[in-house]
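If you want the building blocks of each chain, they are given just below.
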Amino acid sequence: RTPVGQVGKRKITTIESLEKDGRLHPLQEAFLKEDAMQCGYCTSGMIMSGYALLQKSPDPSEAEIIRSLRGNICRCGVYQRILAAIKDGAKALQNK
Ligand code: FES
């Protein structure tokens, strides 16, 4: 994780910026499709970690996805659905 003090003048991407022209990002759609949230407390972090991964690795292995989520805790335990959502999001982006 990056402390905000180290960001300097670099661009920051927030979850709010993923939606374009009133349409959710395919990864956000995949989280809805897979019902990959319960209380939603962890969801923004999970989506942004998945988004960052897919920027670097468009077709990640399950191990890569799990590694990318390290440090993100879901108290509701919906990890399997989060994993499925990131896989679905990756497929959706590849077919775009
Ligand atoms: Fe509740 Fe993850 S959905 S903490």
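Scroll up to find the structure this text is about.
Small disclaimer: the values here were computed from a predicted structure and weren't measured.

Thresholds applied
Think of each chain on its own: its residues are numbered from 1, step by step along the sequence as written. With pLDDT at 70 or above as the cut-off, local features in this predicted model cover only qualifying residues; side-chain atom pairs require 80 or more to be listed or tallied, and sums for whole chains, interfaces and linings still use all residues. Side-chain measures here rest on the full set of heavy atoms in the structure, leaving out hydrogens and waters. To obtain an axis, a line is fitted to C-alpha atoms, over the contacting stretch when the element is a helix, and the angle between two such axes runs from 0 to 180 degrees between their N-to-C directions. Each helix corresponds to a stretch of at least 4 residues labelled H or I by DSSP, and each strand to a stretch of at least 2 residues labelled E; elements are numbered beginning at the N terminus. Orientation categories follow fixed angle ranges, with anything under 35 degrees roughly parallel, anything over 145 roughly antiparallel, 65 to 115 roughly perpendicular, and all other angles oblique. Crossing handedness is defined as follows: a turn of the near helix away from the far one that is anticlockwise and smaller than a right angle gives a left-handed crossing, while the clockwise case is right-handed. Contacts are residue-level and defined by heavy atoms, with any inter-residue pair within 4.5 Å sufficient. Charged residues are taken to be Asp, Glu, Lys and Arg, nonpolar residues to be Ala, Val, Leu, Ile, Met, Phe, Trp, Tyr, Cys and Pro, and polar residues to be all remaining types, Gly included. Accessibility here uses a 1.4 Å probe with only protein chains present; expressed as a share of the type maximum, an area under 20% marks a residue as buried, one over 50% as exposed, and anything in between as partly exposed. Residues adjacent in sequence count toward polar contacts only when both atoms are side-chain atoms; beyond that, a polar contact is any pair of N or O atoms within 3.5 Å, and within protein one must be able to donate a hydrogen and the other to accept it. The definitions used throughout rest on a 1 Å grid laid over the protein atoms alone, on which a cavity is an enclosed set of points accommodating a 1.4 Å probe that cannot get out and a pocket is an open set flanked by protein within 12 Å on both sides along at least five of seven lines; lining residues are those having an atom within 4 Å of a point. Grid points are joined across faces, edges and corners, and a volume is the space filled by probe spheres set on the points.

### Notes on the packing of helix α2 (residues 43-56) against helix α4 (residues 79-94)
Then step 1. Relative to each other, α2 and α4 sit at 40°, their axes nearing to 11 Å. One finds that α2 runs oblique with respect to α4. Here the hand of the crossing between α2 and α4 comes out right-handed. Of α4, the residues touching α2 (which contributes Met 46, Gly 50 and Leu 54) are Tyr 79, Ile 82, Ile 86, Gly 89, Ala 90 and Leu 93.
Then step 2. A class-by-class count of the residues in the contact of α2 with α4 yields seven nonpolar, two polar and no charged.

### Quick word on the side chain of Ser 49
Then step 1. Within the secondary structure, Ser 49 is located in helix α2.
Then step 2. Once residues lying within four places of it in the same chain are set aside, the contact partners of Ser 49 are Arg 1, Ser 68, Leu 69 and Asn 72.

### Here's the deal with the side chain of Asn 72
Then step 1. Within the element layout of this structure, Asn 72 appears in the loop between α3 (62-68) and α4.
Then step 2. A relative accessible area of 14% places Asn 72 in the buried class.
Then step 3. In terms of polar contacts, Asn 72 uses its side chain to reach the side chain of Ser 49, at 3.2 Å.
Then step 4. Apart from residues no more than four positions distant in its own chain, Asn 72 is found in contact with Arg 1, Gly 45, Met 46, Ser 49 and Tyr 79.

### What about the layout of surface pockets?
Then step 1. Roughly 520 Å³ of internal volume is contained in the largest pocket.
Then step 2. Residue composition of the lining of the largest pocket, grouped by class: six nonpolar, five polar and three charged.
Then step 3. Looking at the second largest pocket, its volume works out to about 180 Å³.
Then step 4. Broken down by class, the residue content of the lining of the second largest pocket amounts to four nonpolar, one polar and four charged.

### Regarding empty space enclosed by the protein
Then step 1. Evaluated as defined, the whole model comprises one cavity of 30 Å³ or more.
Then step 2. Of the voids in this model, the largest cavity is the one considered here, and its volume is about 50 Å³.

### Looking at the packing of helix α1 (residues 26-33) against α2
Then step 1. Where α1 contacts α2, the two axes come as close as 10 Å, and the packing angle between them is 130°. Accordingly, the angle class assigned to the pair α1 and α2 is oblique. You can see that α1 and α2 cross each other, and the crossing is right-handed. In this structure, α1 uses Leu 27, Gln 28 and Phe 31 to contact α2, whose residues at the interface are Thr 43, Met 46, Ile 47, Gly 50, Tyr 51 and Leu 54.

### Description of the environment of His 25
Then step 1. Among the structural elements, His 25 can be located in the segment before α1.
Then step 2. Linking His 25 and Ile 15, residues 10 residues apart in sequence, is a C-alpha distance of 9.5 Å.
Then step 3. Within the structure, His 25 has its side chain in polar contact with the backbone nitrogen of Leu 27 (distance 2.9 Å).

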